[in-house]
Amino acid sequence: MTRPDAGSGGRLVVCAPLWPEARAVRRGIRGGKVRVSGYGPGRARRQAERLRQDTFGAIAVAGTGGGLTDELRPGDLVVATGVTDGTTATPCPSAALLAGELRRAGLAVRTGPVVSVERLAGGRERARAVDAGALAVDLESAWLAAAAGDRPVAVVRAISDTPQRPLLSPAALAGGLRALRSLRAAGPALARWGAAAGPRRVLLAGPRSFCAGVERAIEIVEKLLEQQGPPVYVRKQIVHNTHVVADLERRGAVFVDELDQVPDGACVVFSAHGVSPAVRADAHRRGLATVDATCPLVSKVHVEARRFAAEGYLVALIGHAGHEEVEGTLGEAPEAMALVETAEDVARLCPRDPAKVAYLMQTTLAVDEAEEVAGALRERFPAARAPGSDDICYATTNRQQAVRAVAGESDLVLVAGSANSSNSVRLVETAQRAGVPAHLIDGPADIELGWLAGVSTVGLSAGASAPPAVVGEIIAALAGLGPVEVSERVTTTESIRFSLPKEVRSP
């Protein structure tokens with residue numbers, strides 16, 4: 001039975017089976033109650049019956065446990081993604097949030113299933129638990145967690161024994177002490193988890209996630225893997241996202257920094273950010289088969305750079321130093337181009353003819369930021385030529401507009417994307433300029449629980465290189481802290497698609 005205040009962000013109850021475990025956790029808990037729930041299944045079941053009549057807002061189970069894999073060491077923490085006694089199962093969807101918080105505290109953490117058994121797990125019981133994919137085994141968690149009903153629940157087990165250091169061995173005492181030290185260090189994170197629990201609203205910014213250029217680049221690598229098999233070499237990251245890169249690596253893509261890492265005569269893909277003519281010439285000299293996954297909107301900027309340079313203009317490229325797109329574009333006409341990041345850079349330009357200045361933009365800039373620099377260029381060089389059409393791509397602009405729309409209704413904005421993704425970083429800056437706290441996260445584990453305390457509405461977007469699945473994972477993790485109401489604010493609908501290069505088109 002669910003109590004009326006379930007998921008209300010009320011009192012946190014932490015259950016620790018034994019007094020030493022409760023004492024260890026209690027040191028880091030403020031505003032929550034740590035109770036000794038009792039050792040073993042019988043006491044756990046009786047405690048669960050009492051918990052079902054309680055009015056707590058969230059429950060955490062914290063204690064020691066047995067590790068089931070060779071990778072675990074005494075003192076490591078296992079944060080359960082779910083617990084089961086073999087008959088019933090309780091999911092713990094906020095596991096990634098709590099695990100991330102514990103890792104930031106310097107603790108060794110794994111996430112995965114935990115199995116509760118009726119007696120101390122010997123060889124047969126451990127084997128069954130391992131076969132079920134569990135990381136740890138205990139005598140209480142499944143029954144205590146089931147008492148939560150639909151209230152937030154977390155399970156943390158500090159490993160005291162492992163297959164190499166079994167429970168009934170001389171090393172068990174030292175393992176138990178290490179486990180208690182880890183539980184003590186985990187207390188503050190559990191307190192922050194409890195403070196973050198409660199119902200909230202999630203506002204999805206639309207559009208978000210993959211754009212047409214990113215979809216095209218990923219599809220190119222996927223088709224090459226399908227058509228010719230691994231390995232498929234890719235110069236630089238195909239798009240700036242750790243999830244995309246890791247997935248393609250698992251399937252046989254090999255990402256290299258430079259062409260000298262590609263075997264002679266092999267096939268290599270140029271990333272969505274584009275490359276300079278010098279890179280193309282090097283590939284030709286090496287006899288490499290090349291497939292160009294450059295976003296067509298980036299290619300447009302390259303064409304404009306060559307055209308302006310051929311007409312005798314000094315071409316000011318508004319962008320960020322070191323970004324692969326910027327390096328590729330500057331390489332189109334290095335003798336005629338200059339990178340300008342700020343208005344101060346504009347003041348330092350020394351064109352031979354002030355009447356022959358043109359400017360272009362990196363496609364993933366924040367619109368406001370780029371316009372500030374473009375305005376400085378037009379002010380100093382009134383005759384400056386602008387690009388024939390907007391260089392900042394439609395996807396970047398659309399996502400920034402959508403973030404502004406949700407920021408006005410949000411207490412906090414989260415943007416899914418990797419740290420090297422320029423368009424994702426710009427989305428964070430867009431929300432911050434709207435006066436809302438905003439953070440870039442690669443996934444749920446990057447969300448700091450302190451950000452969520454007192455937050456009732458979360459705006460959520462994803463950069464153009466972030467997979468849609470990551471957004472779903474973030475929502476699921478937030479739902480592990482309490483009921484989540486999801487709605488969407490769509491500012492525009494995208495229907496653009498780019499054709500694939502001839503090298504990968506189906507016959």
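Each remark here, short or long, concerns the structure printed above.
Reference entry: report on the structure contained in this document. (Residues numbered from 1 in each chain as written. Predicted model: local features only at pLDDT ≥ 70, side-chain atom pairs only at ≥ 80, totals over all residues. Heavy atoms only, no water.)

Here's the deal with helix α3 (residues 95-104)
In terms of burial, α3 is largely enclosed, as seven of its ten residues are buried. Of all the positions in α3, only Ala-95, Leu-97, Leu-98, Ala-99, Gly-100, Glu-101 and Leu-102 are classed as buried. The first or second residue beyond α3 is Gly-106, which carries a positive phi of 90 degrees. (Buried < 20%, exposed > 50% of the residue type's maximum accessible area, 1.4 Å probe, protein only. Helix = DSSP H or I, 4+ residues; strand = E, 2+ residues; numbered from the N terminus.)

Points about unusual backbone geometry
The general pattern is negative phi for most residues beyond glycine and trans for most peptide bonds. The omega angle of the peptide bond from Gly-206 to Pro-207 is 10 degrees, so this bond is cis rather than trans. Counting through the fold element by element, Pro-207 comes out in the loop between β9 (200-206) and α7 (212-228). Here the phi dihedral of Ser-209 falls at roughly 65 degrees; this positive angle occurs in a residue that is not glycine. If you trace the backbone, Ser-209 turns up in the loop between β9 and α7. Not every positive phi belongs to a glycine, and Lys-236 is a case in point at roughly 65 degrees. Along the chain, the position of Lys-236 falls in the loop between β10 (232-235) and α8 (242-250). What makes Lys-236 buried here is its relative accessible area of 19%.

Some words on empty space enclosed by the protein
As enumerated under the stated definition, the model contains three cavities of 30 Å³ or more in all. Approximately 270 Å³ is the volume found for the largest cavity. Lining the largest cavity are 23 residues, with Cys-211, Val-214, His-273, Thr-364 and Asn-423 positioned closest to its centre. Of the residues assigned to the lining of the largest cavity, the class counts are eleven nonpolar, eleven polar and one charged. (1 Å grid on protein atoms, 1.4 Å probe; cavity = no way out; pocket = protein on both sides within 12 Å on 5 of 7 lines; lining within 4 Å. Points joined across faces, edges and corners; volume = space filled by probe spheres on them. Nonpolar A, V, L, I, M, F, W, Y, C, P; charged D, E, K, R; others polar.)

Here we look at the pattern of salt bridges
With the rule as written, the count across this model stands at 32 salt bridges. A salt bridge links Asp-54 to Arg-11; the nearest nitrogen and oxygen atoms lie 2.8 Å apart. With Asp-54 in the loop between α2 (41-52) and β3 (58-67) and Arg-11 in the segment before β1 (12-16), the pair connects residues that are 43 residues apart, well separated along the chain. A residue is classified by how much of its surface remains accessible, and Asp-54, at 13% relative accessible area, is buried. Since its relative accessible area comes to 30%, Arg-11 is described here as partly exposed. The shortest N-O distance in the salt bridge between Asp-264 and Arg-286 comes to 2.7 Å. (Salt bridge = Lys/Arg side-chain N within 4 Å of Asp/Glu carboxyl O.)

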